[in-house]
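# Observations on the three-dimensional arrangement
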There are 2 protein chains.
Amino acid sequence: MRDLPKRMLFGPGPSDVAPSVFEAISRPIIGHLDPAFVALLDEIGGMLRQVFRTQNEVTFAASGTGSAGMEMALVNLLEPSDRAIVGVAGVFGERLAEIARRCGAEVTEVRAEWGFPVPADAVAAELDRGPAKLVAIVHAETSTGMRQPITEIARLARERGALVVVDAVTSLAGIPLLVDEWGIDVCYSGTQKCLSVPPGLAPVTFSPLAMDAVRARGTPVRSWYLDVALITRYWGAERVYHHTAPISMLYGLHEGLRLVLEEGLEARWARHASLGLQLQNALEDLGFRLLAANGYRLPQLTAAALPAHVDERAARTRLLDEFDIEVGGGLGEFAGRAWRIGLMGESCRENKLDRLLDAIRVVTEAKE
Amino acid sequence: MRDLPKRMLFGPGPSDVAPSVFEAISRPIIGHLDPAFVALLDEIGGMLRQVFRTQNEVTFAASGTGSAGMEMALVNLLEPSDRAIVGVAGVFGERLAEIARRCGAEVTEVRAEWGFPVPADAVAAELDRGPAKLVAIVHAETSTGMRQPITEIARLARERGALVVVDAVTSLAGIPLLVDEWGIDVCYSGTQKCLSVPPGLAPVTFSPLAMDAVRARGTPVRSWYLDVALITRYWGAERVYHHTAPISMLYGLHEGLRLVLEEGLEARWARHASLGLQLQNALEDLGFRLLAANGYRLPQLTAAALPAHVDERAARTRLLDEFDIEVGGGLGEFAGRAWRIGLMGESCRENKLDRLLDAIRVVTEAKE
């Protein structure tokens, strides 16, 4: 393969990857039923439980990207005509609702203005209007940089007999996420955000209550590839072949999780919190307007409208071409006027932030 | 990550991987919307067209393993109550039928004895009994080592207005497969077989006729993650974000395809044909019984019942522990009494075959 440019990745994912993760990914592969490989699977499951802060036995990495994790969560829980209450405050909430509809569910959207969290009492009001199989909500809305509080919604949902599904694609290992303590039933993530592993796997966890709901289904899960009951027979003690595991990617995830736990989750959360705030303050000084409401900003993903004098596309192209720096464009209603800047995992380092801010200053300078 | 044993992979996949593919996989990643990356996607699409022998514009690598390719083929074409005729002569034919049922289709199975091909006239008879949306069949049945002739079934199906779906997971780049010439509408494969790239991606191709059927659907595709119309907007000129591409795996596929085309498809087919026959002759000399019918044997995947005096599990464990050689166990009705031996891609080399046969001789020797 020909040479590729070396980039610093400050988009909404993928983030930079540690050299030891690439080293792991390029190890010669062994078979997906080899005793030495299934021992690695057990270790990955154990490390994922620590990172998700859960005791859930059904905790593994699905063989697809974060969006496959989203689909796995919904397609296993929802049957046709089930009611799903979905919080929508950005593109990924919209995606949750869309996938729930494709599962045949009757979807009730609880919407909030982009940049603002979905209010817990609005979710409760919908739950009181009629029973729901589940409430699904995005913890870290990657389209706006908004942090959604989870605990109150989870409590209200469980009190009313609904399962709690949380999208942690951009939050896992970046901000506090306590699956068991918060009462989350199904949680999924992606590898290419705060875990700093290349994209391709979706860590997921299902509570015993969620697995009871899967077992109680009256209809088959619509997806065979993402059928959690079948996959669990491979990741669990039985080791029954389902599909061939993505071996190299799992090597990388193993090393990525080891690095996360070596640093410690609290230290990692603190690093993201501190550098994210530095970035956000600096952006405001440069005339950017942060899109997420104050008090609900993700440190690891900042969406910000550019100063009026800056041509979004041209400035972003200059960042890439002149500085080898990638940031993301705005999504949905913010396309063409905002950036999404990730400081996730290995990209969230003080020296890298300095280089990022220097480059942003240059490309957003007002012409005299 | 700790050291892992070095294995020679002669199972039903994954196969051995060339060093330059691992080198590609471990390149620092760039973003999935980076101009330098989308240029690679275009090249991958172009190389896949050559390997599939197709002009189909919609030709790409799906973000999952070969089974995700199978699900993608069916979930995009089938709507509830559509009739699907599925050839079943092994585990992977069963899987096709199961996934088609989960798509809501009315499935007619045309069964053959394991090891024998599905007869074209039996498929035609079912088509004459009533119209069908598609006929789906496995080209290389990995559970039995049977090669399914495709051309006649494809011709009969198309004459009767049915789309033709072919599972080429184990056949692509190992035996002749001519998607356009044979009249195949949707074909999918996996990376970890004769392409010799680690598992994790599913090359797929959709004909214009198949895409017309997708566009003519009256109901949404049940899977959002595998929705070909949405994914095509990312792989095509629009570059609309759908999900984050598995970047490192795509680097590996790019290099793996380059190696296939450098060797040349015909030379690669000939290499598999020649060494596969050598293996099969040697196994018969050692008292193995080949499970696939004569004239319908895959060179790249041989399923063979062991001589009666050999303990299958114990001999396979010895191969792994004493020789670092992996072969596969039997599936379904052959579990516990047969092996599946792959000579695929990088594993299909004369010096490796010699080492494999030496080891098999040792572990299957009759005790005096």
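Residues numbered from 1 in each chain as written. Chains lettered and ligands numbered in written order. Predicted model: local features only at pLDDT ≥ 70, side-chain atom pairs only at ≥ 80, totals over all residues.

On to the overall build of chain A, then. Looking only at helices and strands, one finds 13 helices and 15 strands in chain A. For chain A, the spread of C-alpha atoms along the three principal axes comes to 70 × 55 × 35 Å. Residues counted as buried form 58% of the 368 residues belonging to chain A. (Helix = DSSP H or I, 4+ residues; strand = E, 2+ residues; numbered from the N terminus. Buried ≥ 20, exposed ≤ 12 C-beta atoms within 10 Å, placed from the backbone.)

Here the focus is the sheet that holds strand 10 (residues 202-206) of chain B. Residues and elements named next belong to chain B. The seven strands lie next to each other as 2-10-9-8-5-3-4, forming an open sheet whose pairing is mixed. Of all strands in the sheet, those bounded by a partner on one side alone are strand 2 (58-62) and strand 4 (106-111). For this sheet the average axis-to-axis angle between neighbouring strands, irrespective of direction, equals 15 degrees. Bridging between strand 2 and strand 10 involves five bridges; their strand directions are antiparallel. Residue Thr59 lies in a different strand from strand 10, and its bridge partner there is Thr205. Contacts between helix 2 (residues 35-52) and the sheet are confined to strand 2, strand 9 (186-188) and strand 10, with strand 2 contributing the most and set at about 105 degrees to the helix. (Pairing = 2+ DSSP bridges. Axes fitted to C-alpha atoms, helices over the stretch in contact; angles between N-to-C directions. Contact = placed C-beta atoms within 7 Å.)

Looking now at the nonpolar core. In terms of nonpolar packing, the biggest core is built from 251 residues, with Ala100, Val123 and Val135 of chain A together with Ala100, Val123 and Val135 of chain B touching the most fellow members. In contact with Ala100 of chain B, not counting residues within four places along its chain, are Leu74, Leu78, Ala84, Val86, Ala105, Val107 and Ala136 of chain B. (Core = buried A, V, L, I, M, F, W, Y, C linked by C-beta atoms within 7 Å.)

The subject of this paragraph is the packing of helix 5 (residues 120-129) of chain A against helix 6 (residues 151-159) of chain A. All names here are of chain A. At a minimum axis separation of 9 Å, helix 5 and helix 6 run at an interaxial angle of 15 degrees. The angle between helix 5 and helix 6 places the two elements in the roughly parallel class. Helix-helix and strand crossings are classified by hand; for helix 5 and helix 6 the assignment is right-handed. In this structure, helix 5 uses Ala120, Val123, Ala124 and Leu127 to contact helix 6, whose residues at the interface are Glu152, Ile153, Leu156 and Ala157. A class-by-class count of the residues in the contact of helix 5 with helix 6 yields seven nonpolar, no polar and one charged. (Parallel < 35°, antiparallel > 145°, perpendicular 65-115°, else oblique. Left-handed = near helix turned anticlockwise from the far one by under 90°. Nonpolar A, V, L, I, M, F, W, Y, C, P; charged D, E, K, R; others polar.)

Residue and element names in this part refer to chain B. Buried residues of helix 9 (residues 228-235): Val228, Ile231, Thr232 and Trp235, and no others. An end-on view of helix 9 places all buried positions within 105 degrees of arc, on one side of the element. Contact partners of the buried residues in helix 9: helix 2, strand 2, helix 3 (66-77), strand 10 and helix 8 (208-215). (Arc of directions from axis to C-beta.)

Moving on to the sheet that holds strand 3 (residues 83-88) of chain A. Sheet strands pair via backbone hydrogen bonds, and the direction of the pair is either parallel or antiparallel. All names here are of chain A. Taking strand neighbours across the sheet as the criterion, the seven strands line up as 2-10-9-8-5-3-4 in an open arrangement whose pairing is mixed. The outermost strands of the open sheet, each flanked by one partner alone, are strand 2 (58-62) and strand 4 (106-111). Going across the sheet, the axis of each strand differs from the next one's by a mean of 15 degrees, ignoring polarity. Judged from the three bridges that link them, strand 9 (residues 186-188) and strand 10 (residues 202-206) form a sheet pairing that is antiparallel.

The next point concerns the interface of chain A and chain B. Interfaces are often sized by the accessible area lost when the parts come together. Chain A puts 52 residues into the contact, and the matching count from chain B is 52 residues. Mapped by element, the contributors of at least two residues to the side of chain A that touches chain B are helix 1 (19-25), helix 3 (66-77), helix 4 (91-102) and helix 10 (247-263) of chain A. Considering every element that reaches the side of chain A that touches chain B, the biggest residue donor is helix 10 of chain A, with six residues. Each residue belonging to the side of chain A that touches chain B can be placed in one class, and the counts come to 25 nonpolar, 16 polar and eleven charged.

Moving on, we get to the pairing of strand 5 (residues 134-138) of chain A. Residues and elements named next belong to chain A. Of all five residues in strand 5, five are buried, a share of seventy percent or more. Burial along strand 5 is two-sided: Leu134, Ala136 and Val138 and Val135 and Ile137, pointing in opposite directions, are all buried. Direction of pairing for strand 3 relative to strand 5: parallel, over a ladder of three bridges. Bridging across to strand 5, Val86 finds its partner in Ala136. Bridge count for strand 5 against strand 8 (residues 163-167) is five bridges, and the pairing is parallel. The residue bridging Ile137 from the neighbouring strand is Val166, located in strand 8.

To continue, consider the relation of the copies chain A and chain B. Comparison of the two chain copies shows a relationship of rotation about an axis with a shift along it. Least-squares fitting of chain A to chain B yields an RMSD of 0.0 Å, with the superposition described by an axial translation of 0.0 Å and a rotation of 180 degrees. Here the two chains are linked by the operation of a two-fold rotation axis. Here 100% of the interface residues in chain A have copies in chain B that are interface residues too; the copies meet face to matching face. (Least-squares fit on C-alpha atoms with pLDDT ≥ 70 in both.)

Moving on: the packing of helix 11 (residues 265-285) of chain A against helix 13 (residues 350-364) of chain A. All names here are of chain A. Following both chains from N to C, one finds helix 11 and helix 13 inclined at 15 degrees, their axes separated by 11 Å at the closest point. By the angle class used here, helix 11 and helix 13 are roughly parallel. The handedness of the crossing between helix 11 and helix 13 is right-handed. Residue-level inspection shows Leu275, Gln278, Leu279 and Ala282 of helix 11 in contact with helix 13, the latter providing Glu350, Leu353 and Leu357. When its residues are assigned to classes, the contact of helix 11 with helix 13 shows five nonpolar, one polar and one charged.

Right, let's get into the domain arrangement of chain A. Residue and element names in this part refer to chain A. Under the domain assignment, chain A is made up of domain 1 (8-13 + 264-364) and domain 2 (19-262). With 24 residues of domain 1 in contact, the opposing surface of domain 2 contributes 25 residues. When contributions to the side of domain 1 that touches domain 2 are tallied by element, the ones reaching two or more residues are helix 11 and strand 12 (301-305). If one sorts the elements of the side of domain 1 that touches domain 2 by residue count, helix 11 sits on top with four residues. (Domains from an automatic or database assignment.)

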